[in-house]
Structure formats: C-alpha cells, structure tokens
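# Structure assessment
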Amino acid sequence: MLIDDFITHDPKNLIRIARDTGSHDQPEPLNLGERVRDLRKARNWTLEQAAQQAGLARSTLSKIENGQMSPTYDALKKLAIGLQISVPQLFTPPQREKVNGRMVMTPNGKGQHHATTTYEHELLAETLTKKQMLPYRARVRARSVDEFDGWVRHDGEEFLYVLTGVIRLYTEFYEPVEMRRGDSAYYDATMGHNVISVSDDDASILWVTSLTS
C-alpha cells in the first residue's frame, strides 16, 4: 500500500500504522492474586522467599495468589512491606502494561519505506509496539501545494525538524513559513498542513507524531 493511501486519501491511516500492532484496550478489573504473583516474580522470589519477606506462611501466600483466600488488612500490610511498596500499589496495575527500559535502534536507511509522488516516508522504530509517538523521516519531493489533494489532517500533535535542504510549511491558519536545516516546528496535526521543497534537491525532514489522541 502506498503512503498516498495513508495520507492523501485518509490521513488518519498514518496514525493507524503504529496502532495496528498494539491497540489501547480498556483495562480489565484487577485480580489481586495475579497482581501479587506478578510482583513476586518481578523480584525473582520463590513463594518461600516472598512469604519470609512478608512474614506470612507459605500456604497463606499461595492461597492469596490463587484466589483461594481474601487477605485481611493486616496481611495486606505485611505483603506491602515485604514487597517494599504501599498498600494502594497492591491494587494499582502498571499503567498500560508499561515496561521500563524498552529500546529499539533503527540503522540508517533501514526503516520501513513508503514512496509517493510527494513524499518518501521511512518509518522509524517500526518494530516497537504500543508507541506513544510515531517517528519517521521524509524526503520531500513535492514542489507545489497543487500536488496535494487538499490539506493533510490527522489526530495528535506533530513535530517537524529540517534535516537537509529548504522547505516551505503551509498550514491552514498561518502564513506559509520557509524553513532551513536545523529549523523546527510544533503544531496541532488536526490543523491542515502540507510541506514542499523549495531547494534544488529534495529536502529531508524528521517528523514525530503523537499517538495519544
């Protein structure tokens, strides 16, 4: 599928590229037993080790984890102290299954390419799921706004940084601005916008689009 299908015909599809591999589902009700087990395993503790840390019997902790026992408040306090967290944190799952320390590196030129008559997009960090941002590099081929089928609009906010060449940024509510290497712009992406190259060679830019809207 060409990027024209994502941008020119339905700009919202640009955002769907990153969302296809990890939609933001509604959180399920917290299972206390599973939460305690996850906290224990995150510390690489056995049932015996966790029970000793909390000052509980191994059988008691096992029943809590398996949903066979509703712990008293005293037991919850002991669990929290043993796990070195607060009691409320026992009932608070990690936000959106957040994983700390995620990273992906995209070698130069190895992103996912989508070529068109106006842009050539290279999606970066393409293998990382549930991103909050969509970064991509673009080679700007367009030399006139007449090459676009109307304004580009999509959800979120957008950051643009000029890597090479000279561009002209057209926006729905502002006068066109000429931007050179090192210049940047941050704008509401629901506002119509288009970019053309005004240098002899195709310009290249870095775009980062938020995915939280």
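Please read all numbers here as calculations on a predicted model, not as lab measurements. (Residues numbered from 1 in each chain as written. Predicted model: local features only at pLDDT ≥ 70, side-chain atom pairs only at ≥ 80, totals over all residues. Heavy atoms only, no water.)

## A few points about unusual backbone geometry
Phi at Gln84 takes a positive value of approximately 60 degrees, unusual for a residue other than glycine. Within the fold, Gln84 resides in the loop between α6 (73-83) and α7 (87-90). Relative accessible area serves as the criterion here: at 72%, Gln84 is assigned to the exposed category. Here Ala125, not a glycine, exhibits a phi torsion of approximately 55 degrees, which is positive. With respect to the helices and strands, Ala125 occurs in the loop between β2 (119-123) and β3 (133-140). Judged by relative accessible area, Ala125 falls into the buried class, the value being 15%. (Helix = DSSP H or I, 4+ residues; strand = E, 2+ residues; numbered from the N terminus. Buried < 20%, exposed > 50% of the residue type's maximum accessible area, 1.4 Å probe, protein only.)

## Side note on the sheet that holds strand β6 (residues 174-180)
Spatial ordering of the open sheet is given by β6-β5-β8, a layout of 3 strands whose pairing is antiparallel. A strand with exactly one partner marks an edge of an open sheet, and here the two such strands are β6 and β8 (193-197). Sheet twist, expressed as the average angle between the axes of neighbouring strands with direction ignored, equals 20 degrees. Pairing of strand β5 (residues 166-171) with β6 involves 5 bridges; the strand directions are antiparallel. Across the sheet, Leu169 pairs through a bridge with Val177, a residue of β6. (Pairing = 2+ DSSP bridges. Axes fitted to C-alpha atoms, helices over the stretch in contact; angles between N-to-C directions.)

## Overview of the environment of Val208
Following the sequence through the fold, Val208 ends up in strand β9 (residues 203-210). As for Val208 and Pro135, which are separated by 73 residues in sequence, their C-alpha atoms are 4.3 Å apart. The residues touching Val208, leaving out its near neighbours within four places in the chain, are Met133, Leu134, Pro135, Glu157, Glu158 and Phe159. (Contact = heavy atoms within 4.5 Å.)

## With respect to the pattern of salt bridges
Inspection of every chain in the model, using the stated rule, returns 12 salt bridges. The shortest N-O distance in the salt bridge between Glu48 and Arg58 comes to 4.0 Å. You can see Glu48 sitting in helix α4 (residues 47-54) and its partner Arg58 sitting in helix α5 (residues 58-65), a full 10 residues away along the chain. Taking the shortest distance from any N to any O, the salt bridge between Lys78 and Asp74 comes out at 3.8 Å. (Salt bridge = Lys/Arg side-chain N within 4 Å of Asp/Glu carboxyl O.)

## What about helix α3 (residues 32-42)?
The complete set of buried residues in α3 reads Leu32, Gly33, Arg35, Val36, Leu39 and Arg40. Seen end-on, α3 carries its buried residues on one side only, within an arc spanning 165 degrees. Exposed and oriented more than 90 degrees from the buried face of α3 are Asp38 and Ala42. Where the residues of α3 are buried, they touch α4, α5, α6 and α7. A distance of 3.0 Å separates the backbone nitrogen of Gly33 from a side-chain oxygen at the start of α3, and that oxygen is part of Asn31. Directly after α3, the chain includes Asn44, whose backbone phi takes a positive value near 60 degrees. (Arc of directions from axis to C-beta. Polar contact = N/O pair within 3.5 Å; in protein donor to acceptor, adjacent residues only side chain to side chain.)

## With respect to the nonpolar core
Core analysis: the biggest nonpolar cluster contains 23 residues, and Leu160, Ile167, Val195, Ile205 and Trp207 have the highest contact counts within it. Of all the secondary-structure elements, those providing two or more residues to this core are β2, β3, β4 (157-164), β5, β7 (184-188), β8 and β9. It is β3 that contributes the most residues to this core, 4 residues altogether. Ignoring sequence-local partners within four residues, the contact set of Ile167 consists of Leu160, Val162, Val177, Glu178, Met179, Val195, Ile196, Ser197, Val198, Ala203 and Ile205. Core analysis: the second largest hydrophobic core is formed by 18 residues, Leu39, Leu56, Ala75 and Leu79 among them. (Core = buried A, V, L, I, M, F, W, Y, C linked by side-chain atoms within 4.5 Å.)

## Re the sheet that holds β7
Taken in spatial order, the 6 strands line up as β1-β2-β3-β9-β4-β7 in an open sheet, and their pairing is antiparallel. Since the sheet does not close on itself, it has two edges, and those belong to β1 (112-115) and β7, each with one partner. Across the sheet, the mean angle from the axis of one strand to that of its neighbour is 20 degrees, orientation sign disregarded. Here 6 bridges tie β4 to β9, and the two strands are oriented antiparallel to one another. Considered in β9, the bridge of Glu158 is made with Thr209.

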